[in-house]
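# Structural overview for review
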Amino acid sequence: MGAWLTQLDPKFLELWTNITLHNNPVMRSFMVAILSLVFMLVVVLVVIWMERKVAADIQSRIGVYRTGGIFCFILQSLADGVKLLLKEDLKPKGADKWPYYVAPYLVFLPAFLAYLILPFSATWVPQDLKVGILFYSAVSAIPVLGIAMAGWSSNNKWSLLGGLRASAQLISYEVPLATAIIAVVALHGTLETGAIVQSQWQHWWLGLITLPSFLIFLVAGLAEVSRTPFDLPEAESELVSGFNTEYSGMRFASFFLAEFSASFFISALAVTLFLGGWSLWGIDTWFASHVLGWNTASWFGVNGQLIPASIPLLMKAFWFVVFLVKSFAVLWVLMWIKWTMPRLRIDQVLNFGWKVLLPVGLLNLLFVSAAAALLLGRGHSSAQPGILLGTPAAAATYSAPVTGGCPMLSPTPTPQGCPVMSPTAPPPGCPMYGMASKEFGHAQTGH
Amino acid sequence: MALRDFRIPEFDAPPVELPVSEVDHDTTIVSMGPQHPSTHGVLRLMLKLDGETVVKLVPVIGYLHRGTEKLAESRTYTMVIPYTDRLDYLSSMYMNLGYVWAVEKLLGVEVPERARYLRTAVAELQRLASHLLWLASFSLDLGAATMFIYPFREREDILDLFEEICGARLTYNYIRFGGVMADVPAGWVERVEKYLTLQEQRFVEYENILTGNPVFVARNKGVGYISGADAINHGLSGPTLRGSGVDFDLRKHDPCDAYGDVEFKVCTAPEGDCFARYRVRMDEMRESIIIIRQCLAKMPEGDVLAKLPRAIKPPAGEAYARVEAPRGIFGVFVASDGSNQPLRVRFRSPSFVNLSALNQMCAGGKLADIVAVLGSIDIILGEIDR
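Every chain is numbered on its own, with residues counted from 1 as its sequence reads. Whichever chain is written first becomes A and whichever ligand is written first becomes 1, with later ones labelled in order. Per-residue local features are limited, in this predicted model, to residues with pLDDT of at least 70; the limit for side-chain atom pairs, both in listing and counting, is 80 or more; totals at the level of whole chains, interfaces and linings are taken over all residues. Hydrogen atoms and water are omitted, and side-chain values are computed over all heavy atoms in the structure.

A separate point is helix H4 (residues 75–86) of chain A. Every α-helical turn comprises 3.6 residues, leaving residues that sit three or four positions apart pointing alike. All names here are of chain A. Here a strand is any run of E in DSSP of at least two residues, a helix any run of H or I of at least four, and the numbering for each starts at the N terminus. To estimate the expected span of a helix, subtract one from its residue number and multiply by 1.5 Å. End to end, H4 covers 17 Å across 12 residues, agreeing with the expected 16 Å (1.5 Å per residue, within 8%). Between buried and exposed lies partly exposed: a residue is buried under 20% and exposed over 50% of the maximum accessible area for its type, with that area taken using a 1.4 Å probe on protein chains only. Every buried residue of H4 is listed here: Gln76, Ser77 and Leu84. Angularly, the buried residues of H4 cover 100 degrees about the axis, an arc narrow enough to put them on a single face. More than 90 degrees from the buried face of H4, the exposed residues found are Leu85 and Leu86. Our arc is simply the arc of the directions from the helix axis toward the C-beta atoms.

Take a look at the structure:
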């Protein structure tokens, strides 16, 4: 096996890669889509297996132990998938045909699309969009439509109730989720997911500021992916199976895949936005430069952007592993919550979302904005609401230019490669701590 | 028949007696069950929903009707005991006990001292097993899947103990006229004590997971309220009654077997909601352990079965016996014409009566509350439909 590979002309391989990946945008998109899909399916396989094993562990059971013994029984998920594929695709009598058939794909597709913006490792982003996180917000709103369609078209009152619950819940929790995301965007000053991670990588302490946002994101994220205690759309003890009650076969599997894929994605996104993504908060760079003796400075271009070719593949692979480990760790927490908590009631869920989580999220946004303005010199006239709402510290900086050469937007790593330990001096126009507190008093007397 | 209220006007002309206010287009009629994950068997609830709010609820029963009472009329007295096992299959010991006690009243037989204590001990073990299963299913109804497994794990130990004494794990047929089927095997008492010690530790685990859990409290506090007066008027019994603050427990007020000789307290909670019923059952399980310990300590040596003729022919007459089963008062009426078969057997089943208050507890609440309330009154369809 693999003999044909060795006989291939290396030049041909190089040519092929060049054509497919670098020079041909269509081919590249195609490859990226296939790779993302494969990654997602494999991840779902693992997530389902993990869910069952974690649940079993918490419940003092053994868990799945039949199929694929040499792979730690991970093949059980595959066997289940094959079984579902072979099942008959049923449509209930009186169901609304087209919405019923289309709904699973409307749920499945966004779950897969969202993976495009995940930074798996440095420079390994399937599609590093300028509007990265905005793309997620847009895409994550689509499944609601699919779920509502599924619930409506199934000609089943339980499905309908599930669909309605899902619409109410998912739309409500998108708002607090957005406040947490905006906080991150405000702090790091970019929408690109890759750049957000890079910013955390070079300034580890930024993660501390977004810690409350992380908790808000986690709670709202739990609700977004409908996991216990927010699993109301498919609360099996109340709504039989909720919106997917009438689905069978591969369409049911699509819902299922989307759900588990979303669970992983929300963990991966939490890691990306709050927990340093693929990075080890600068420890990795320090280790590479001080212990391994690598020239980490050469990884960066003149503007501080990463140069893909100059970073060793080993390093990228290591970061990829770090990313996976972190994501699965967060996912484990979600599972832990799921298998410990009872389920909330729909009115309690909505009350909590609108009356507790949203105000807290807004306050947190205020706090992070103030921190961004105070510590990083972010923002200009848009920081004025902060002043009005009683964070006079923000007043000191509201007139600072947007990209006033603040350290975050133009990371200039030191040759030692440990940017964390050696913050660059603030360029003119970027007030740092002392300056801000000096103007703090001024702002007060001035008003 | 109350079902008539739930005809859908589009498909069926409303019956004359249907109030005009019930026919509207803001509400939905939903059939919850008989095949539904949390109606505990084959209960069917006809719901009238306004969005998720329950306007009205009518239980429809009879899907598990097996005609036990009629069957009993063509069986000998002894042959009826296994039928009683299948009434409330989660507390078969109490079903046995109620029926056997009624027949013993007819016979006027004296139960040996050892058997009296043994009966009380296994009955309380049964209560423990039944309440553990309630705890499991109640938690699952609220969505706590892990707490579904933990009590089952401990219940297995009780079933093992039962298997040792009578060979069966669910339908025991253990309590007989004039005593019990057989004496306990060697070392059984020690194994019970070992189990009880373990169980006491496990209560801490349950309470850690549920009692202080904000989600659990939010789902139960103030849900499914029924006042003490209403509970009495509905004829409720068992933890459902005591959860409304009514201090009534047949083990105390009309004790059978050795209940009169042991010290225990009747557990009540005044709130009348799901959480109060949860509280009562959790406390009762601890009391059960106290009772079992006393019984096993006081149990004298001796026979476990009174001398009775092989063919049992009670003198003509009537007898009524009632015991405090885990779900409430289980009453048995037996009429004898002097033959070897009962003339009439009638069961008063606690779940059937407790179910009557369901509409009052659920109306005005949310759909999810039905599941919580149904779990908290702990119905068993086997005894409702009989």
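What follows deals with the state of the cysteines. Residue and element names in this part refer to chain B. Any two cysteine sulfur atoms within 2.5 Å of one another count as a disulfide. Summed over the entire model, instances satisfying the criterion amount to 0 disulfides over all chains. No disulfide involves Cys166; its sulfur sits 17 Å from that of Cys295, the nearest cysteine. For the unlinked cysteine Cys256, the closest cysteine sulfur is that of Cys295, found at 11 Å.

Another point: the environment of B:Val223. With respect to the element layout, B:Val223 can be found in the loop between helix H7 (214–220) and helix H8 (228–234). Classification of B:Val223 as buried rests on a relative accessible area of 5%. Placed 52 residues apart in sequence, B:Val223 and B:Phe275 show a C-alpha to C-alpha distance of 7.8 Å. In this view, B:Val223 contacts A:Arg345, B:Asp273, B:Cys274, B:Arg277, B:Asp369 and B:Val373; residues no more than four positions away in its chain are not counted. Contacts: residue pairs with any heavy atoms within 4.5 Å of one another.

Here the focus is the pattern of salt bridges. Between side chains of opposite charge, pairing is possible as soon as their charged atoms come close. All names here are of chain B. By definition, a salt bridge exists where a carboxyl oxygen of Asp or Glu is found within 4 Å of a side-chain nitrogen of Lys or Arg. Across all of its chains, the model carries 42 salt bridges over all chains by this definition. Of the charged contacts, one joins Glu73 and Lys70 as a salt bridge, the two residues approaching to 3.1 Å between their closest N and O atoms. A residue is classified by how much of its surface remains accessible, and Glu73, at 22% relative accessible area, is partly exposed. The salt bridge partner of Glu164 is Arg191, with a shortest N-O separation of 2.5 Å. Here the residue Glu164 occupies a position in helix H5 (residues 146–166), and Arg191 occupies one in helix H6 (residues 188–210), the gap between them amounting to 27 residues. For Glu164, a relative accessible area of 32% gives the class partly exposed. Classification of Arg191 by relative accessible area gives partly exposed; the value is 33%.

So, about the layout of surface pockets. Only protein atoms enter the 1 Å grid, on which a cavity is a set of points fitting a 1.4 Å probe that cannot get out and a pocket is an open set with protein on both sides within 12 Å along at least 5 of 7 lines, lining residues being those with an atom within 4 Å of a point. Grid points are joined across faces, edges and corners, and a volume is the space filled by probe spheres set on the points. Space inside the largest pocket adds up to approximately 1,100 Å³. Residue lining of the largest pocket: 41 residues in total, with A:Ile48, A:Phe252, A:Phe256, A:Glu259 and A:Phe260 positioned closest to the centre. Counting only elements with at least two residues in the lining of the largest pocket, the list comes to helix H3 (25–58), H4, helix H5 (97–113) and helix H13 (249–274) of chain A together with H5 of chain B. Class assignment of the residues belonging to the lining of the largest pocket gives a composition of 23 nonpolar, 9 polar and 9 charged. When residues are grouped by polarity, Ala, Val, Leu, Ile, Met, Phe, Trp, Tyr, Cys and Pro land in nonpolar, Asp, Glu, Lys and Arg in charged, and all others, Gly among them, in polar.

Looking now at the interface of chain B and chain A. Between chain B and chain A, the contact holds 34 residues from the first and 25 residues from the second. Two parts placed together each lose some accessible area; with a 1.4 Å probe, that loss summed over both constitutes the buried area. Across the interface of chain B and chain A, roughly 2,400 Å² is buried in total on both sides, 61% from carbon and sulfur atoms. Among the residues of chain B in contact with chain A, B:Glu52, B:Thr146 and B:Val215 are the three that bury the most area, contributing 20% of the side total. Along the contact surface separating chain B from chain A lie 2 salt bridges. One salt bridge in this structure joins A:Arg345 and B:Asp369, with 2.9 Å as the shortest N-O distance. The definition of a polar contact used here is a pair of N or O atoms within 3.5 Å, where within protein one atom must be able to donate a hydrogen and the other to accept one, and adjacent residues in sequence count solely through side-chain atom pairs. Counting across the interface, chain B meets chain A through 10 residue pairs in polar contact (both at pLDDT 80 or more). Listing elements by their share of the side of chain B that touches chain A, those giving two or more residues are strand S1 (28–32), strand S2 (44–50), helix H4 (113–141), H5, H7 and helix H14 (367–377) of chain B. For the side of chain B that touches chain A, the leading source of residues is S1(B), giving 5 residues. In terms of residue class, the side of chain B that touches chain A is built from 20 nonpolar, 8 polar and 6 charged.

Turning to the sheet that holds S1(B), a few remarks are in order. Spatial strand order, S1-S2-S3 (chain B): 3 strands in an open sheet with antiparallel pairing. Bordering the open sheet on either side are S1 and strand S3 (53–60) of chain B, each of which pairs with just one other strand. Each strand of the sheet is rotated relative to its neighbour by a mean of 20 degrees, with strand direction disregarded. Only strands that DSSP links by at least two bridges are regarded as paired with each other. Of the pairings in the sheet, the one linking S2(B) to S3(B) comprises 7 bridges and is antiparallel in character. When the sheet's bridge partners are listed, B:Asp50 is paired in S3(B) with B:Thr53. Packing of helix H8 (residues 157–188) of chain A onto the sheet brings it into contact with S1 and S2 of chain B, and relative to S1(B) it is tilted by some 110 degrees. The angle between two axes is taken between their N-to-C directions and runs from 0 to 180 degrees, where each axis is a line fitted to C-alpha atoms and a helix contributes only its stretch in contact. Lying over the sheet, H14(B) contacts S1, S2 and S3 of chain B, oriented at roughly 150 degrees with respect to S2(B).

Another aspect to go through is the packing of H5(A) against H13(A). Residue and element names in this part refer to chain A. At a minimum axis distance of 8 Å, the contact between H5 and H13 shows a crossing angle of 25 degrees. Judged by the inter-axis angle, H5 sits roughly parallel to H13. Taken as a pair, H5 and H13 cross one another with a handedness that is left-handed. Touching Tyr101, Ala103, Pro104, Tyr105, Val107, Phe108 and Ala111 of H5 are Arg251, Ser254, Phe255, Leu257, Ala258 and Ser261, all from H13. Its residues assigned to classes, the contact of H5 with H13 shows 10 nonpolar, 2 polar and 1 charged. Any angle from 65 to 115 degrees is called roughly perpendicular, while one under 35 is roughly parallel, one over 145 is roughly antiparallel, and all others are oblique. By convention, the crossing between two helices is left-handed when the near helix turns anticlockwise from the far helix through less than a right angle, and right-handed when the turn is clockwise.

Okay, empty space enclosed by the protein next. Residues and elements named next belong to chain A. Throughout the structure, instances matching the rule amount to 3 cavities of 30 Å³ or more. In this structure, the largest cavity spans a volume of roughly 370 Å³. Around the largest cavity, the lining comprises 23 residues; the ones closest to its centre are Pro143, Glu224, Val225, Ala258 and Ala262. Those elements that provide at least two residues to the lining of the largest cavity are H5, helix H6 (132–139), helix H7 (142–153) and H13. If one sorts the elements of the lining of the largest cavity by residue count, H13 sits on top with 6 residues. Here the residues of the lining of the largest cavity are counted per class, giving 18 nonpolar, 2 polar and 3 charged.

Moving on, we come to the domain arrangement of chain B. Residue and element names in this part refer to chain B. What fixes the domain bounds is an automatic or database domain assignment. Along its sequence, chain B is organised into domain 1 (27–60) and domain 2 (68–385). Facing the 16 residues of domain 1 at the interface are 17 residues of domain 2. Across the domain 1 to domain 2 interface the summed buried area is about 1,500 Å²; carbon plus sulfur atoms make up 69%. When the buried area of domain 1 at its contact with domain 2 is split by residue, His40, Val54 and Leu57 rank highest and sum to 40% of it. Where domain 1 meets domain 2, there are 0 salt bridges. The tally of links between domain 1 and domain 2 comes to 6 residue pairs in polar contact (both at pLDDT 80 or more). Mapped by element, the contributors of at least two residues to the side of domain 1 that touches domain 2 are S2 and S3.

What follows covers the packing of aromatic side chains. Pairs were defined over the aromatic rings of Phe, Tyr and Trp, the Trp ring being its six-membered one, requiring ring centres within 6.5 Å. Orientation was assigned from the angle between planes: stacked under 30 degrees, edge-to-face over 60, tilted for the rest. Evaluated as defined, the whole model comprises 35 aromatic pairs over all chains. Arranged with centres 6.3 Å apart and planes meeting at 5 degrees, the rings of A:Tyr115 and A:Phe264 form a pair that is stacked. Taken together, the positions of A:Tyr115 in the loop between H5 and H6 and A:Phe264 in helix H13 put the pair 149 residues apart, joining distant regions of the chain. Residue classification places A:Tyr115 among the buried residues on the basis of a relative accessible area of 1%. For A:Phe264, a relative accessible area of 0% puts it in the buried group. A positively charged side chain is recorded as over a ring if its NZ (Lys) or CZ (Arg) lies within 6 Å of the ring centre. The angle to the ring normal must also be within 35 degrees. Its end group placed over the ring of B:Trp101, B:Lys105 keeps NZ or CZ at 4.6 Å from the ring centre. A cation over an aromatic ring shows up here: B:Arg153 above the ring of B:Tyr150, its NZ or CZ 4.7 Å from the ring centre.

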